Protein chains: 2
Amino acid sequence: MFPRLELDPAREVPLYRQLFEQIRVAIEDGRLAPGGRLPATRQLAEELGLNRATVIAAYDLLEAAGLISRHVGRGSYVAAAPVRSLDWSALLRRFETHSTPPAPWSPAEDAISFATSRPSRELFPMEDFRRTVEEVIDSAEAADLLQLGSPSGLGALRRYLLERAQREGLARPGDDVIITSGCQQALDLLGRVLISPGDAVAVEDPVYPGIRFSLERAGARLLGVPVETEGVDPEHLERLLREEHPKALILTPNFQNPTGATMPLASRMAALQAARAARVVVIENDIYRELRYQGSPLPTLKQLDETGNVVELRSFSKVAFPGLRVGWVIGPKALVARMAEVKQWTDLHTDQLSQAVLLRFAESGRLERHLRRVRRAGAERLAAALEACSESLPSGTRFTRPHGGMSLWVELPAPLDAAELLAKSLREKISYLPGRYFAVSRSHTRSLRLSFAGVETEKIRRGISTLGRLFTEELERLREAAEEPAPALV
Amino acid sequence: MFPRLELDPAREVPLYRQLFEQIRVAIEDGRLAPGGRLPATRQLAEELGLNRATVIAAYDLLEAAGLISRHVGRGSYVAAAPVRSLDWSALLRRFETHSTPPAPWSPAEDAISFATSRPSRELFPMEDFRRTVEEVIDSAEAADLLQLGSPSGLGALRRYLLERAQREGLARPGDDVIITSGCQQALDLLGRVLISPGDAVAVEDPVYPGIRFSLERAGARLLGVPVETEGVDPEHLERLLREEHPKALILTPNFQNPTGATMPLASRMAALQAARAARVVVIENDIYRELRYQGSPLPTLKQLDETGNVVELRSFSKVAFPGLRVGWVIGPKALVARMAEVKQWTDLHTDQLSQAVLLRFAESGRLERHLRRVRRAGAERLAAALEACSESLPSGTRFTRPHGGMSLWVELPAPLDAAELLAKSLREKISYLPGRYFAVSRSHTRSLRLSFAGVETEKIRRGISTLGRLFTEELERLREAAEEPAPALV
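Residues numbered from 1 in each chain as written. Chains lettered and ligands numbered in written order. Predicted model: local features only at pLDDT ≥ 70, side-chain atom pairs only at ≥ 80, totals over all residues. Heavy atoms only, no water.

**Structural notes on the sheet that holds strand β1 (residues 37-38) of chain B**
Residue and element names in this part refer to chain B. Under the convention used in this document: The pairing criterion for strands is at least two bridges between them, as found by DSSP. Starting at the N terminus, helices and strands are each numbered in turn, a helix being any DSSP run of H or I of at least four residues and a strand any DSSP run of E of at least two. Should any heavy atoms of two residues lie within 4.5 Å, those residues are considered in contact. With axes taken as lines fitted to C-alpha atoms, and helix axes fitted only over the stretch in contact, angles between N-to-C directions fall between 0 and 180 degrees.
If you walk across this open sheet you meet the 3 strands as β1-β3-β2, and the pairing is antiparallel. The sheet terminates laterally at β1 and β2 (68-71), the two strands that pair on one side only. Packing against the sheet, helix α3 (residues 52-64) makes contact with β1, β2 and β3 (75-78), and its axis sits at approximately 115° to β2.

**Quick notes on the domain arrangement of chain A**
Basically, it comes down to this: Domain segmentation is taken from an automatic or database assignment of domains.
The domain architecture assigned to chain A consists of domain 1 (15-78), domain 2 (112-120 + 368-475) and domain 3 (124-364). Relative placement of domain 1 of chain A and domain 2 of chain A: their C-alpha centres are 53 Å apart.

**Here's the deal with the sheet that holds strand β3 (residues 75-78) of chain A**
All names here are of chain A. Strand order across the open sheet formed by 3 strands is β1-β3-β2, with antiparallel pairing between neighbours. On the outer flanks of this sheet lie β1 (37-38) and β2 (68-71), each paired with one strand and no other. For β2 and β3, the ladder comprises 4 bridges, and the chain directions are antiparallel. From the neighbouring strand, Ile 68 faces β3, where its bridge partner is Val 78.

**A few points about the relation of the copies chain A and chain B**
Applicable threshold: Least-squares fitting of one copy onto the other uses the C-alpha atoms of those residues that reach a pLDDT of at least 70 in both copies.
Expressed as a screw transformation, the operator carrying chain A onto chain B has a rotation angle of 179° and an axial translation of 0.1 Å, and the superposed copies differ by an RMSD of 0.7 Å. Put plainly, the chains are arranged around a two-fold axis. Same-surface contact between copies: 96% of interface residues of chain A are shared with the interface of chain B.

**Regarding the packing of helix α14 (residues 352-363) of chain A against helix α14 (residues 352-363) of chain B**
Selection criterion: When describing relative orientation, an angle under 35 degrees is termed roughly parallel and one over 145 degrees roughly antiparallel, while 65 to 115 degrees is termed roughly perpendicular and anything else oblique. Helix crossings fall into two classes, left-handed where the near helix is turned counterclockwise from the far one by less than a right angle and right-handed where it is turned clockwise. Amino acids are sorted into nonpolar (Ala, Val, Leu, Ile, Met, Phe, Trp, Tyr, Cys and Pro), charged (Asp, Glu, Lys and Arg) and polar (every other residue, Gly among them).
Following both chains from N to C, one finds α14 of chain A and α14 of chain B inclined at 125°, their axes separated by 8 Å at the closest point. Between α14 of chain A and α14 of chain B, the crossing angle belongs to the class labelled oblique. Remark: the crossing between α14 of chain A and α14 of chain B carries right-handed chirality. Residues Leu 353, Ser 354 and Val 357 of chain A of α14 of chain A form the contact with α14 of chain B, whose own contacting residues are Leu 353, Ser 354 and Val 357 of chain B. Taken together, the residues that form the contact of α14 of chain A with α14 of chain B break down as 4 nonpolar, 2 polar and no charged.

**Description of the interface of chain A and chain B**
To be explicit about the condition: Put simply, buried area is the surface a 1.4 Å probe can reach on two separate parts but cannot reach once they are joined, added for both. By salt bridge we mean one thing: a side-chain nitrogen of Lys or Arg within 4 Å of a carboxyl oxygen of Asp or Glu. A 3.5 Å cut-off defines polar contacts: any pair of N or O atoms within that distance qualifies, except that in protein one atom must be a possible hydrogen donor and the other a possible acceptor, and neighbouring residues in sequence count only when both atoms are side-chain atoms.
In this complex, chain A contributes 98 residues to the contact, which on the side of chain B involves 95 residues. Where chain A abuts chain B, roughly 8900 Å² becomes buried across the two surfaces, and 59% of that area is made up of carbon and sulfur atoms. Along the contact surface separating chain A from chain B lie 6 salt bridges. For the pair chain A and chain B, the interface holds 28 residue pairs in polar contact (both at pLDDT 80 or more). The set of elements that each furnish at least two residues to the side of chain A that touches chain B consists of α1 (15-28), α4 (88-91), α5 (126-138), α6 (142-146), α8 (182-194), α9 (209-217), α13 (333-347) and α14 of chain A. The element that contributes the greatest number of residues to the side of chain A that touches chain B is α13 of chain A, accounting for 8 residues. Of the residues that constitute the side of chain A that touches chain B, the class distribution is 49 nonpolar, 26 polar and 23 charged.

**Here we look at the packing of helix α15 (residues 366-392) of chain A against helix α17 (residues 457-483) of chain A**
Residue and element names in this part refer to chain A. For the pair α15 and α17, interaxial distance at closest approach is 9 Å and the crossing angle is 20°. Compared by their axis directions, α15 and α17 come out roughly parallel. For the pair α15 and α17, the crossing hand works out as right-handed. Residue-level contacts link Glu 380, Arg 381, Ala 384, Ala 385, Ala 388, Cys 389 and Ser 392 of α15 to Thr 457, Ile 460, Arg 461, Ile 464, Ser 465, Gly 468 and Thr 472 of α17. Looking at the contact of α15 with α17 residue by residue, the classes come out as 6 nonpolar, 5 polar and 3 charged.

**Let's talk about the environment of Gln 344 of chain A**
All names here are of chain A. Quick note on the threshold: Think of it in three bands: residues with accessible area under 20% of the maximum for their type are buried, residues over 50% are exposed, and the middle band is partly exposed, with areas taken using a 1.4 Å probe on protein chains only.
Looking at the element boundaries, Gln 344 is found in helix α13. Residue Gln 344 is classed as buried on the basis of its relative accessible area, which comes to 7%. Taking the C-alpha atoms as reference points, Gln 344 and Gln 294, separated by 50 residues in sequence, lie 41 Å from one another.

**What about unusual backbone geometry?**
Trans peptide bonds make up most of the peptide bonds, and negative phi angles are found at most residues other than glycine. With an omega of 5°, the peptide bond running from Asp 205 of chain A to Pro 206 of chain A counts as cis. Residue placement: Pro 206 of chain A occurs in the loop between β6 (200-205) and α9. In the segment running from Asn 257 of chain B into Pro 258 of chain B, the intervening peptide bond is cis, with an omega of 15°. With respect to the helices and strands, Pro 258 of chain B occurs in the loop between β9 (248-251) and α11 (265-278). Phi is positive for Leu 348 of chain B, close to 65°, though the residue is something other than glycine.

**Description of a negative patch on the surface**
Counted only if it meets this: Nonpolar side chains (Val, Leu, Ile, Met, Phe, Trp, Tyr) are joined into patches within 5 Å and like charges within 9 Å, using only residues with over 30% relative accessible area and no salt bridge. Areas reported here follow the Shrake-Rupley algorithm with a probe of radius 1.4 Å; residue values treat only the protein chains shown as occluding. For the charge count, each Lys or Arg is scored as positive and each Asp or Glu as negative, with His and the chain ends excluded. The atom standing in for a charge is NZ when the residue is Lys, CZ when it is Arg, CG when it is Asp and CD when it is Glu.
On the surface, a cluster of negative charge is contributed by Glu 476, Glu 480, Glu 483 and Glu 484 of chain A. Here Glu 483 of chain A is to be found in helix α17.

**Comments concerning the pattern of salt bridges**
Across all of its chains, the model carries 72 salt bridges over all chains by this definition. Where Glu 306 of chain A meets Arg 276 of chain A, a salt bridge forms, and the shortest distance between an N and an O atom there is 3.9 Å. Residue Glu 306 of chain A is found in the loop between α12 (301-304) and β11 (310-315), and its partner Arg 276 of chain A is found in helix α11 (residues 265-278); the two are separated by 30 residues along the sequence. Here Arg 276 of chain A falls in the partly exposed class, since its relative accessible area comes to 31%. Where Arg 131 of chain B meets Asp 128 of chain B, a salt bridge forms, and the shortest distance between an N and an O atom there is 3.4 Å. One end of the pair, Arg 131 of chain B, and the other, Asp 128 of chain B, are both in helix α5 (residues 126-138), 3 residues apart, so they sit about a helical turn from each other. Of the residues examined, Arg 131 of chain B reaches a relative accessible area of 39% and is grouped as partly exposed. Look at Asp 128 of chain B and you get buried, because its relative accessible area is 11%. A single network of salt bridges, built from pairs that share partners, joins Asp 188, Arg 192 and Arg 217 of chain A together with Asp 188, Arg 192 and Arg 217 of chain B.

Right, dumping it as structure tokens:
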């Protein structure tokens, strides 16, 4: 029997390729046995309503691939020893991870996406960016940027960041800087140099999935520390560190992703004290630091630390351009040197054109000017989001009130389920990330993250208002259903 | 007892920092006990021959770090509960690797480095590069480049590379492309998605250390296939695949690093046949392909393959600018999709400015123009290197005669040792990489890699001539020593 073929003229793949592919698969999985005769091209073309040339082109490919042999006047036959592809899905390693969040790129133009924690495209200062790039490529050092570089990063950028960190009391004597391909790579490298399979690591719960995945892939056993409106609870943290002695603790003290929560000074001191007593490495993820929209900056864990046990992660992605992948780590020399060693065999070094562009962007004062604009827009967007949440979300909803950053965290009243509601929201072209993507040991089924920083104010209002209507309707529907008499048991 | 202090005014670190660091370590490891008194600043300054201000600055830092307390008129004391740093060297994971080669960046200006396999800085077409960058940043899509991108790579670059690969018969139906942060990251991602600890992988011996390290870190057990002047020996390879059934085989058929060897067509067919019979994934590292200086291009393994089991690694680094980190992989969709998933949590995505610049550089025809110039220079440098090797290296030396690429491989006569000779060569400011850096199961002590592509012709002649003199002198010395009568045994 010749297999049933399903061709779709709407697909990008030309019909002859589709035909080739389907017959190839039928041969490779044995539905067409070696020696079996294929229909004549004219006959198959008629059956499928295709041009005969299309069928001939497909047979040509099959022949070129050694899958069939053609004999003038006798027809085409499945070749004796069909070529067998490897079963790739069986070859690939499986990773024991929670469900992967949707990839962080853009939905349709008219959609409203609260799903990705990224800056606003329309705020990019294109004229300043162009001027910066031109200064870099016209400089005498431009050719050096094109040559192979150092795993530790571009010398000039490292010096700039280290000196700034020293001035700010972020770098201690004995600290060094390594440039990474964004903060995500810093997490990956730390997982590789610090974590052995089975090591425990304490993380915030809920937590940014990129932190969870890096550590899980390194074989870490994750211990969740609950995050509330004021960040991790210091008493819970102290107890966990004392009892479990994890190897490391990762904290995001400013505008944590996903909750937007900020740790007050007292919590920071207590966390450091607990980490010091338990001799735990502290990794401070402070990539949102400069996105404060209200109140005064608090000292970082790294600034407060007296032990040299805090590793600081920073990045240009949230404050400038995420498309240029440049982050950095400030930490003890021994750690930074080992990270550079591993980085060399991971990707040799970070892209040098972007390192030079971001250095020039910072040094020239343009980054600071851009940040002022970003903070003004962020303050406005945050205010709009909070106002819309107050007005529109069903009563019984709780949400965080961040002082900066990119996201806020909403907990809906029971029995709503944020993941189930997402399908309805997407039909209205509004997206967000349900709480379970950020789960460590709690499930967060009623929660969701709203990333507001990349969305224009008007869309924030409209989007949250629509979400509020959907959530309220669903809540009423579920409550009515619960009130109906139970059907008789028969 | 106050510890012995060793300060070095030649170091970059200021003296007061050195002093601070050494006293800090002495306090932390207990040589200076809590409550112990430090010498007065004046006294210590005299003892060490330092300015007193230097000592005061160090004591200030110690006090700020909570390590000492100072009492006016009574002196300085080690604080009661000294802050203890973690022992970072004990915390960091150790990797079971062979010795790491020196990092691939530039030595002094007047040195001659045959040590790194990289393009020539003075051949970079800076005007074409500047024009390309300007076109990219002036385009309507420039702002999109700055926004968060896709783990699979920039859409326009992926389409360009996939279409080109289809035209060249490199991409099969069902293949896809992922952009990586250079070819090194492709190896790293392949290690992560394909290799489980204990899996065997066949590699060339000698092999590029970046291949060995990626696989070793993934937990692979490496099986070396000897490379001779015509690449891997097909019979040896066939036997090894049949007997050991490794999960994957990595080959560099064109101008292999470090040997410069190229596999003839018959070897390529035989290798594919053996891999197909043993159901082994073939990873074809073809980053030197376009650097052919003589003869006609041979079809790649990927072009010859009929099974869909070959994964192709390519990169812009060797043909354009290694400082911009952009490579790509062509392979079965299932594999490419899994690589993208892992890449997302490794570094989110590859830098987008450089992806767009290299796309424009290729599309505009400037890459092809640059390549013509690079090939002309490469041919001249290769000829100079081969001539100098013939003229200067001691008799009994064997060396490869590559048809392209960046390196050639020299095997010195016994009892010379290339690693021992390197010290002498460095004194004459000439560097190369000894064979042992490329070792898998053979030791290659008599061999060395000469990377000629990034060195100007005149320096190639001078450098190899000097090496020849050194090697010949050492050979004569060793032979004379061997001829001397053995001393009496007493």
